[in-house]
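# Structural features, examined
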Amino acid sequence: MNDRIRTDVAHNARVWNHWLGGKDNYPVDRAVGDHITALYPSIGEVARADRSFLRRAVTHLTADLGVRQFLDIGTGLPTAENTHEVAQRIAPDSRIVYVDNDPIVLAHARALLTSSPEGATSYVDADAHDPQAILRAVRTVDGALDLTRPVAVIMLGILNFVLETEQARSIARSLMSAMPSGSHLVVTHPTLELGGEGNTDAMAFWNENATPPITARTGAEITSFFDGLEILEPGVVCCAHWRVEDGVELPPRVAQYGAVGRKP
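Remember, predicted model here, so these are calculated numbers, not experimental data.

### Observations regarding the overall build of the protein
In terms of helices and strands, the protein carries nine helices and 10 strands. Here the C-alpha atoms of the protein give a radius of gyration of 17 Å, agreeing with the 18 Å that 2.2 N^0.38 yields for 264 residues. With the principal axes as the frame, the protein shows a C-alpha extent of 45 × 45 × 40 Å. Relative to its 264 residues, the protein shows a buried fraction of 55%. Across the protein, contacts joining residues at least 24 apart in sequence account for 73% of those joining residues at least 6 apart. Where the 23 positive side-chain charges of the protein centre and where its 33 negative ones centre are 4 Å apart.

Here it is, written out as structure tokens:
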């Protein structure tokens, strides 16, 4: 077995998969996930709201703003409505590079996240803590992105695993500084605001029993990740309430912010 795969310690991608009803997880992931659910019963709603936000954001970027390139960092285990599926359904020539540093995620991604004939889908083994390594890999991977054309950098539920806020800002800034005008940053991030105060004990349990360690941030701190960017309407809001489709009932609020910013 790959020595990077720990089946005795819960891992975020696999626990998230469990909360979304997937089967790509181990008993330790289910045990930790279920305990966190007992501490914070709405965590499943957060997971589902996050995926729904991804679909809406990629749809808006592709259909309304003409984006055709996506850099999805912290991909997680494949589920339904993955980035390339949403983008290539609208624009089959879309190009997507997925980035993760979990070997199980990468193995599943290569097997399941296949591109349309007109587009490209590629995979990079890199850590979100090292944006320069990500950028080097993106420039050389098969199906590489053209960094002279707009790219949507997607970081859903990933900057919360960077414990120092200034480092998280630096990562976002480094990635976006390498992107041309018209590129976008897409972020979701857990918070103890928006009714998430009860998540404190759940996060403490996670940090004692799972990996990687996690932190919550305020709306103001999350907004700072978009310094120098133009934040699209409706701003930094509950991810479940970001650009909900016309005619769809407003979902319950979850303690997860979501936002999209454009590089001028």
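Once the structure has been displayed, the description carries forward.
### Some details on the pattern of salt bridges
One pass over the full model with this rule turns up seven salt bridges. Note that Arg 14 and Asp 29 form a salt bridge whose closest N and O atoms lie 2.6 Å from each other. A residue pair is termed long-range when its members are at least 10 positions apart, and Arg 14 in helix 1 (residues 12-19) and Asp 29 in helix 2 (residues 27-39) qualify at 15 residues. A single network of salt bridges, built from pairs that share partners, joins Glu 166, Arg 169 and Arg 173.

### Some points on the packing of helix 3 (residues 43-64) against helix 4 (residues 83-90)
How two helices pack is summed up by the angle between their axes together with the distance between the axes. Two elements in contact, helix 3 and helix 4, have axes separated by 9 Å at closest approach and are oriented at 35°. Of the two elements, helix 3 crosses helix 4, and the hand of that crossing is right-handed. Counting all contacts with helix 3, which are made through Leu 54, Arg 55, Val 58, Thr 59, Thr 62 and Ala 63, the residues of helix 4 involved are Thr 83, Val 86, Ala 87 and Ile 90. Per-class residue counts for the contact of helix 3 with helix 4 are six nonpolar, three polar and one charged.

### Structural notes on the environment of Asp 146
Mapped onto the fold, Asp 146 is located in the loop between helix 6 (131-140) and strand 5 (152-156). For the pair formed by Asp 146 and Gly 182, sequence separation is 36 residues and the distance between their alpha carbons is 13 Å. With sequence-adjacent residues up to four places away left out, Asp 146 is seen in contact with Gln 69 and Val 151. Among the polar contacts made by the side chain of Asp 146, one reaches the side chain of Thr 148 at a distance of 2.6 Å.

### Quick notes on the packing of aromatic side chains
Under the defined criterion, the tally for this structure stands at three aromatic pairs. Judged by centre distance (5.9 Å) and plane angle (70°), the ring pair of Trp 16 and Trp 19 falls under edge-to-face. Here the residue Trp 16 and the residue Trp 19 both occupy positions in helix 1, the gap between them amounting to three residues, near one helical turn. By relative accessible area, which is 22% here, Trp 16 ends up partly exposed. For the ring pair Tyr 98 and Tyr 123, a centre distance of 6.2 Å and an interplane angle of 10° mean the geometry is stacked. Residue Tyr 98 is located in strand 3 (residues 95-100), and its partner Tyr 123 is located in strand 4 (residues 120-125); the two are separated by 25 residues in the primary sequence. Comparing Tyr 98 with Tyr 123 shows no difference in burial state: the two are buried.

### With respect to helix 4
By the burial criterion, the buried members of helix 4 are Thr 83, His 84, Val 86, Ala 87 and Gln 88. Of the surrounding secondary structure, the elements contacted by the buried residues of helix 4 are helix 3, strand 2 (69-73), strand 3, strand 4 and strand 5.

### With respect to the state of the cysteines
Applying the stated criterion across every chain, the model contains zero disulfides. Cysteine Cys 239 remains unbridged, with the sulfur of Cys 238 as its closest cysteine sulfur at 5.3 Å.

### A closer look at the pairing of strand 10 (residues 256-262)
Most of strand 10 is tucked away: six of the seven residues are buried. For strand 6 (residues 184-190) and strand 10, the ladder comprises seven bridges, and the chain directions are antiparallel. The partner of Val 186 across the bridge, within strand 10, is Val 260. For strand 8 (residues 230-231) and strand 10, the ladder comprises two bridges, and the chain directions are antiparallel. Opposite Ile 231, over in strand 10, you have Gly 261 as the bridge partner. One ladder, built from two bridges, connects strand 9 (residues 237-238) with strand 10; its direction is antiparallel. Bridging across to strand 10, Val 237 finds its partner in Gly 258.

How each quantity is defined
- Residues numbered from 1 in each chain as written.
- Predicted model: local features only at pLDDT ≥ 70, side-chain atom pairs only at ≥ 80, totals over all residues.
- Heavy atoms only, no water.
- Helix = DSSP H or I, 4+ residues; strand = E, 2+ residues; numbered from the N terminus.
- Rg over C-alpha atoms; globule rule 2.2 N^0.38 Å.
- Buried < 20%, exposed > 50% of the residue type's maximum accessible area, 1.4 Å probe, protein only.
- Contact = heavy atoms within 4.5 Å.
- Lys, Arg positive; Asp, Glu negative; His and termini not counted.
- Charge placed at Lys NZ, Arg CZ, Asp CG, Glu CD.
- Salt bridge = Lys/Arg side-chain N within 4 Å of Asp/Glu carboxyl O.
- Axes fitted to C-alpha atoms, helices over the stretch in contact; angles between N-to-C directions.
- Left-handed = near helix turned anticlockwise from the far one by under 90°.
- Nonpolar A, V, L, I, M, F, W, Y, C, P; charged D, E, K, R; others polar.
- Polar contact = N/O pair within 3.5 Å; in protein donor to acceptor, adjacent residues only side chain to side chain.
- Phe/Tyr/Trp six-rings, centres within 6.5 Å; stacked < 30°, edge-to-face > 60°.
- Disulfide = S-S within 2.5 Å.
- Pairing = 2+ DSSP bridges.

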